[in-house]
Amino acid sequence: MTDSSTVARAVDRLFRIAEGDELRSLSGLAEALARDRGRPLVICEGPDLPARVFGQWVRHADHDEVKYASWVHARERTIAHELGHIVLNHVGRPAIELALEALPPESHGLAALMLERDCDNVRSPEEVDAEAFGNLLLRRLKGGRHVNRSPGIRSRLDEAFG
Ligand SMILES: [Zn+2]
């Protein structure tokens, strides 16, 4: 698991690259992230997700797709969690990208499958980090401008209450 200040810095960075109204909503922050990455980001309900999987990030060749399960009530939380995987570079690790480059085009469907990230309740370190990112992001989004603590204090508070 990444230390909490790294997650807090990643949230800070997303709020820094967001402009104007983007700062007011989760979809706005997602748009800022897409612009920063130079790749479109599509967020949609995924009726085809495997059972127990609440969210999924699929890294397509030319865009990113975040899906949430139709039964999920906390959609914002799921979306914020998936954005955490993207921001924290959890997929697109060099080994996978090199494998994709090395594969012939007819195998890219299989490679895309490998690049899907299914989020269920498995508590892997990356899942814990994405969850921490999502919680921090939503808290800051809902806290608004009057919340004016330093990131260091904020992350310590998160440890205390999170
Ligand atoms: Zn996840």
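Residues numbered from 1 in each chain as written. Predicted model: local features only at pLDDT ≥ 70, side-chain atom pairs only at ≥ 80, totals over all residues.

Draft legend 1. Layout of the nonpolar core. Residues V11, L14, L33, L83 and F133 are the most contacted members of the largest nonpolar core, which totals 29 residues. Looking at this core, the elements with two or more residues in it are α1 (4-17), α2 (26-37), β1 (41-45), β3 (64-68), α3 (75-87) and α6 (125-143). If sequence neighbours within four positions are ignored, F133 has contacts with V7, A10, V11, G84, V87 and L88. (Core = buried A, V, L, I, M, F, W, Y, C linked by C-beta atoms within 7 Å. Buried ≥ 20, exposed ≤ 12 C-beta atoms within 10 Å, placed from the backbone. Helix = DSSP H or I, 4+ residues; strand = E, 2+ residues; numbered from the N terminus. Contact = placed C-beta atoms within 7 Å.)

Draft legend 2. Summary view of α6. Taking 1.5 Å of rise per residue, the 19 residues of α6 would be expected to cover 27 Å, and the 27 Å separating its terminal C-alpha atoms lies within 8% of that figure. Among the residues making up α6, those that are buried are D129, A130, A132, F133, G134, L136 and L137. (Expected span 1.5 Å × (residues − 1).)

Draft legend 3. Representation of unusual backbone geometry. At R52, a residue that is not glycine, the phi angle is positive and equals roughly 75°. With respect to the helices and strands, the residue R52 is situated in the loop between β1 and β2 (55-59). The phi torsion at N89 lies on the positive side, around 60°, for a residue other than glycine. Within the secondary structure layout, N89 lies in the loop between α3 and α4 (94-102).

Draft legend 4. Layout of the packing of α2 against α3. Where α2 contacts α3, the axes come no closer than 11 Å and their chain directions differ by 15°. The pairing of α2 with α3 is recorded here as roughly parallel in orientation. Two packed elements cross with a definite hand, and for α2 against α3 that hand is left-handed. Listed contacts from α3 to L26, A30 and L33 of α2 are E76, I79, A80, L83, I86 and V87. (Axes fitted to C-alpha atoms, helices over the stretch in contact; angles between N-to-C directions. Parallel < 35°, antiparallel > 145°, perpendicular 65-115°, else oblique. Left-handed = near helix turned anticlockwise from the far one by under 90°.)

Draft legend 5. Main features of the environment of D62. With respect to the secondary-structure elements, D62 resides in the loop between β2 and β3. With 22 residues separating them along the chain, D62 and P40 place their C-alpha atoms 7.5 Å apart.

Draft legend 6. Local environment of α2. Spanning 12 residues, α2 covers 17 Å between terminal C-alpha atoms, matching the ideal 16 Å at 1.5 Å per step. Contacts from the buried residues of α2 go to α1, β1 and α3. G38 occupies a position one or two residues after α2 and carries a positive phi of about 70°.

Draft legend 7. Spatial organisation of the environment of F54. Structurally, F54 can be placed in the loop between β1 and β2. In the structure, F54 is positioned 15 residues away from A69 in sequence and 5.1 Å away in space, judged by C-alpha atoms.

Draft legend 8. Structural detail: the sheet that holds β1. Across the sheet, four strands lie side by side as β1-β3-β2-β4; this open sheet has mixed pairing. Since the sheet does not close on itself, it has two edges, and those belong to β1 and β4 (117-119), each with one partner. Neighbouring strand axes in the sheet, compared pairwise and without regard to direction, differ in orientation by 15° on average. Sheet topology note: the β2/β4 ladder contains three bridges and is antiparallel. In the strand pairing of β4, W57 is matched with R117. (Pairing = 2+ DSSP bridges.)

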